[in-house]
Amino acid sequence: MDGDRSIQPQLAATRSELLRARHVPGAIYASPEIYRREMVEYFGREWLFVGREEQFAAPGDYEARRIAERPIVIARDKRGELNAFYNMCAHRGVEVAEGRGNARMFKCPYHGWTYDLTGQLTGAAYMRESEGFDPAGCRLPPIALRTWRGNVFVSFHPEPRDFAAAMAEFEADFAILHTERCRVADLTRIRLACNWKFFHENLMDFYHVGVLHAKSFGARFGWTPENVALKPGGGITIRYDAAPSTPDGQTRFAKAPWLEDRPNSFACTGFLPPNLTLFGRVDCVKLMTAWPLGPDACEVLIYLLFPEEFFADPEFEAKVEVYRAYQKVIYEEDRSMIESMQLAMASPVYAPGRMSIMEKPIHHFLNAYLDRMFGPGA
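Residues numbered from 1 in each chain as written. Predicted model: local features only at pLDDT ≥ 70, side-chain atom pairs only at ≥ 80, totals over all residues. Heavy atoms only, no water.

Asker: Help me understand the pairing of strand β14 (residues 236–242) in this model?
Answerer: A regular strand carries its side chains on alternate faces of the sheet. Within β14, five of the seven residues are buried, which leaves it mostly tucked inside the rest of the structure. Between the antiparallel neighbours strand β13 (residues 228–230) and β14 lie five residues, among them Gly233 with a positive phi of about 75 degrees. (Buried < 20%, exposed > 50% of the residue type's maximum accessible area, 1.4 Å probe, protein only. Helix = DSSP H or I, 4+ residues; strand = E, 2+ residues; numbered from the N terminus. Pairing = 2+ DSSP bridges.)

Asker: How should I be thinking about the sheet that holds strand β7 (residues 114–115) in this particular structure?
Answerer: Strand order across the open sheet formed by three strands is β6-β7-β8, with antiparallel pairing between neighbours. Among the strands making up the open sheet, the edge pair consists of β6 (106–107) and β8 (121–123). Pairing analysis gives two bridges linking β6 to β7, with the strands arranged antiparallel. Across the sheet, the residue bridging to Lys107 is Thr114, located in β7.

Asker: Just to check I follow, could you spell out the packing of helix α5 (residues 196–204) against helix α7 (residues 316–345) for this structure?
Answerer: Packed helix pairs are characterised by how far apart their axes lie and by the angle those axes make with each other. Relative orientation of the contacting elements α5 and α7 amounts to 130 degrees, with a least axis distance of 10 Å. Classified by the angle their axes make, α5 and α7 are oblique. For the pair α5 and α7, the sense of crossing is right-handed. From α5, Phe198, Phe199 and Asn202 reach across to α7, where they touch Asp334, Ile338, Met341, Gln342 and Met345. Across the contact of α5 with α7, the residue classes tally to five nonpolar, two polar and one charged. (Axes fitted to C-alpha atoms, helices over the stretch in contact; angles between N-to-C directions. Parallel < 35°, antiparallel > 145°, perpendicular 65-115°, else oblique. Left-handed = near helix turned anticlockwise from the far one by under 90°. Contact = heavy atoms within 4.5 Å. Nonpolar A, V, L, I, M, F, W, Y, C, P; charged D, E, K, R; others polar.)

Asker: I keep staring at the nonpolar core and nothing clicks. Help me out?
Answerer: A general feature of soluble globular proteins is that nonpolar side chains tend to end up buried together. Among the nonpolar cores identified, the biggest contains 90 residues, and Ile28 and Phe153 are the most heavily contacted of them. Leave out the neighbours within four places in its chain, and Phe153 touches Trp47, Leu48, Phe49, Val50, Ala144, Leu145, Arg146, Trp148, Phe163, Met167, Leu272 and Leu276. Core analysis: the next-biggest nonpolar cluster, separate from the first, contains 18 residues, Ala75, Ala103, Trp113 and Leu140 among them. (Core = buried A, V, L, I, M, F, W, Y, C linked by side-chain atoms within 4.5 Å.)

Asker: Explain the side chain of Asn87 to me, please; I cannot follow it from the model alone.
Answerer: Along the chain, the position of Asn87 falls in the loop between β4 (82–86) and β5 (100–102). Once residues lying within four places of it in the same chain are set aside, the contact partners of Asn87 are Ala64, Pro71, Ile72, Val73, Gly93, Val94, Glu95, Val96 and Ala97.

Asker: Please explain the sheet that holds β5 as it appears in this structure.
Answerer: To summarise the sheet geometry, strands pair through backbone hydrogen bonds and adopt either a parallel or an antiparallel arrangement. Ordered by their spatial adjacency, seven strands build an open sheet running β1-β10-β9-β4-β3-β2-β5, and the pairing between neighbours is antiparallel. Edge positions in the open sheet fall to β1 (48–52) and β5, since each of these has one partner strand only. For this sheet, the mean inter-axis angle between neighbouring strands, taken without regard to orientation, is 25 degrees. As defined by bridge partners, strand β2 (residues 61–67) adjoins β5 across three bridges and the pair is classed as antiparallel. Across the sheet, Glu63 pairs through a bridge with Arg100, a residue of β5. Each of β9 (142–148) and β10 (151–155) is contacted by helix α4 (residues 163–174), which is oriented at about 25 degrees to β9, the strand it contacts most.

Listed below in structure tokens is the structure:
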């Protein structure tokens, strides 16, 4: 793109070794042109986490969403299979579903065309006279869908890369969390006035924990850059020590049955490009996505998972509320910083600062991003 020529010289500083590197120029977070390319290069090609299988437990369960500027529907059909397709009537493109619920079929509210739970057209009034019209060959455009340990992924690419290969690193590092034996206890939605990348960079930025979060969880947190494992394509795995996500650092439940041999301080973080961050603790798992809404806005979804066994606890909801309220405190602390960073990105005064050894994960993520968006560096 035309902007490549002006920005390329500025990227050399980020491509340097960590202890000589600088952060990327503000345009990476503020440019509409770069944002449009991300929608194609990242969100149009990669496997994207969009929810949990238990959110579609029964035949007919569905959810309509708009993600990465695309309207989609995920539905479980009568055979029990999950399907994904564009929420776009084959007649004039009107969305045929909204929200979430349970349905026998989908009906376009404009001209009444109907579709089954696989997206196949089942009815189209006044179309018999239309020469060559074949209902059997008409459907809502399908989207590739796969599942990994209870987690649902879609890809908008017509020929997505092999799903098992895409998940191989995550499987090797995080199978121990057994998310397939967990369920969603809470789903939090947050809208942030910042670029989607800032949200995930903040989650891998342990540099700020002892400062910004000193009064929340920072004192119960320990790691070194040696704990970071860098993965192909910008993926990251981090092992460290951290207390459960409660105000006093004590679990309200117990250890997950499969983590009984782990210390109470067991903690891990994983980043799967482009926009999934996983946090594992001894008693729960958090899955977080930041969906782009423009260069300077995103919607964050946070899935809080607990082992199925915990749901039988008669005080389950009250205990979950402790985790929910505590994470809100932490995310509001983060919001103030990442929204402040976003304001600087469009300023002509902003100059990228030097990186610290504590920013090893961000350095890896940004360099993989630059390789993907602008071509491999020297």
